[in-house]
Amino acid sequence: LHRRGGGELEADVAYGREGEEWAVMVDGSVPAGSGLSSSSALVCATVLLVAHRLVAMAGGAMLDLSTLAGVAARCERYVGAESGGMDQAISLLGERGVAKLIGFNPLTVSDVTLPPGAVFVLANSTKSHSVAESQYNVRVLECRFAANVLARALLPAPHADVPTLRALARATGMDSAAGLRTLLGLVDAHLREEPYTLDDVAAALQWDLADGVAPALLGSCSLASARTLRYDLRRRARHVFSESERVLRFATVCRDASLPDPARLAALGELMGASHRSCRDDFECSCPELDAVVRVCSAAGALGARLTGAGWGGWAVALLDAGKTPPAGFLTDLHNYYISECGVSPTDAATLACVTRPSQGGRIIALDSNTPVVVPRGPPS
């Protein structure tokens, strides 16, 4: 964040610039390594602080929350994670009591009201999550490669780089729920079952790697590193398109007033279960510890459960019908699992699962008056 010549605040990421020193105290309760967006919480809080401080020092208009969410996402990419922007968007644009359906390019956020009785419980897998140690960035490459191999088959020439599978869905006009189901059939038709080498991808995309120059689609991955990897394009694309279709169906079910509440909750639970199976089998971002806690949640009465965050450890999220499965009893079952199966002490077990609710996103609080500073949300979704 910096100021242009005219003095207005500009949404650009800069680093290595000298400026005034600030004394900042950081505190938080989101456990690190949990897959619960602790890094995004820190980055979003910092971006809010810096933007507010720059406006306080020199005046001008405060950037809206949508723009700041984009800045925060770009900041996280500087530390090596090829992340999207979902965590940052909900960290800043969340509202108490309302779920959000988030889209990108451009950023759109719409309200989704959950059925009465819906309660979400977070459950620790007891395995720490680390983006740096996971296959997170490899999955980004696989999705980019899959998008561009499919684009060669589905879009007319000339073929410019397609940045994401979502961009491909839009370019083909198949970004609706029905269109995504059509794309799933095309995945099996145009992407082979066996993993690809980088040379296989290069042949499909007509790259010449002989000069040693890394194609732009590799991003921060070096050509040497990319040659050591294998890329499962079919399963990654299948997960992305099926997960996108499940997200749209989840919102549709929530908004369908013709269905009784128990039926809506059951349908949402089924979608969550299918999501975890896809994460486990097609995206391969689960782990035995996550799979185990998902099974325990289902056995304890959850309508559905799935990993949350990037995966490879961290936490799972379970959906309960509070009228049928009281959260207190459900938490007791989880605590007993941690004690008997994971060797956790009763004191620590009590910290490994909790009820969670849609909550207010990041805000600036003026301590002298204990009131929030109004920050514009951004353009209407």
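In case you missed it, the structure is sitting above this.
Residues numbered from 1 in each chain as written. Predicted model: local features only at pLDDT ≥ 70, side-chain atom pairs only at ≥ 80, totals over all residues. Heavy atoms only, no water.

Asks: Looking at this structure, how should I read the packing of helix H4 (residues 136-154) against helix H7 (residues 198-205)?
Replies: How two helices pack is summed up by the angle between their axes together with the distance between the axes. At their nearest, the axes of H4 and H7 sit 9 Å apart, and the two run at 35 degrees to each other. Read as a crossing pair, H4 and H7 show a hand that is left-handed. Each of Phe 145, Asn 148, Val 149 and Arg 152 in H4 lies in contact with H7, whose residues at this interface are Leu 198, Val 201, Ala 204 and Leu 205. Grouping the amino acids of the contact of H4 with H7 by side-chain chemistry returns 6 nonpolar, 1 polar and 1 charged. (Axes fitted to C-alpha atoms, helices over the stretch in contact; angles between N-to-C directions. Helix = DSSP H or I, 4+ residues; strand = E, 2+ residues; numbered from the N terminus. Left-handed = near helix turned anticlockwise from the far one by under 90°. Contact = heavy atoms within 4.5 Å. Nonpolar A, V, L, I, M, F, W, Y, C, P; charged D, E, K, R; others polar.)

Asks: I'm lost on helix H3 (residues 86-93) in this one. Help?
Replies: Residues separated by three or four positions in an α-helix point in the same direction, a consequence of the helix having 3.6 residues per turn. Every buried residue of H3 is accounted for by Gln 88, Ala 89, Leu 92 and Leu 93. Each buried residue of H3 lies within a common arc of 105 degrees when the element is viewed along its axis, so the set occupies one face. Contacts from the buried residues of H3 go to helix H1 (38-58), helix H2 (65-77), strand E3 (99-103) and strand E4 (108-112). (Buried < 20%, exposed > 50% of the residue type's maximum accessible area, 1.4 Å probe, protein only. Arc of directions from axis to C-beta.)

Asks: Explain unusual backbone geometry here, please?
Replies: Most peptide bonds are trans, and most residues other than glycine sit at a negative phi. Note that the residue after Asn 105, namely Pro 106, is joined by a cis bond; omega there is 5 degrees. With respect to the helices and strands, the residue Pro 106 is situated in the loop between E3 and E4. Between Ala 157 and the following residue, Pro 158, the backbone shows a cis peptide bond with an omega angle of 0 degrees. Topologically, Pro 158 is positioned in the loop between H4 and helix H5 (165-171). A positive phi angle, close to 55 degrees, is found at Asn 105, a residue other than glycine. Its place among the elements puts Asn 105 in the loop between E3 and E4.

Asks: In this structure, what is going on with the pattern of salt bridges? I would like to understand it.
Replies: When the charged atoms of two side chains with opposite charge come close together, those side chains can pair. Counted by the stated rule, this structure contains 19 salt bridges. Note that Lys 100 is salt-bridged to Glu 95, the shortest N-O span being 2.4 Å. By relative accessible area, Lys 100 is classed as buried at 16%. Among the ionic pairs, Arg 236 bridges to Glu 142, the shortest N-O distance being 2.8 Å. Residue Arg 236 is located in helix H9 (residues 233-255), and its partner Glu 142 is located in helix H4; the two are separated by 94 residues in the primary sequence. Note on accessibility: Arg 236 and Glu 142 belong to one class, buried. (Salt bridge = Lys/Arg side-chain N within 4 Å of Asp/Glu carboxyl O.)

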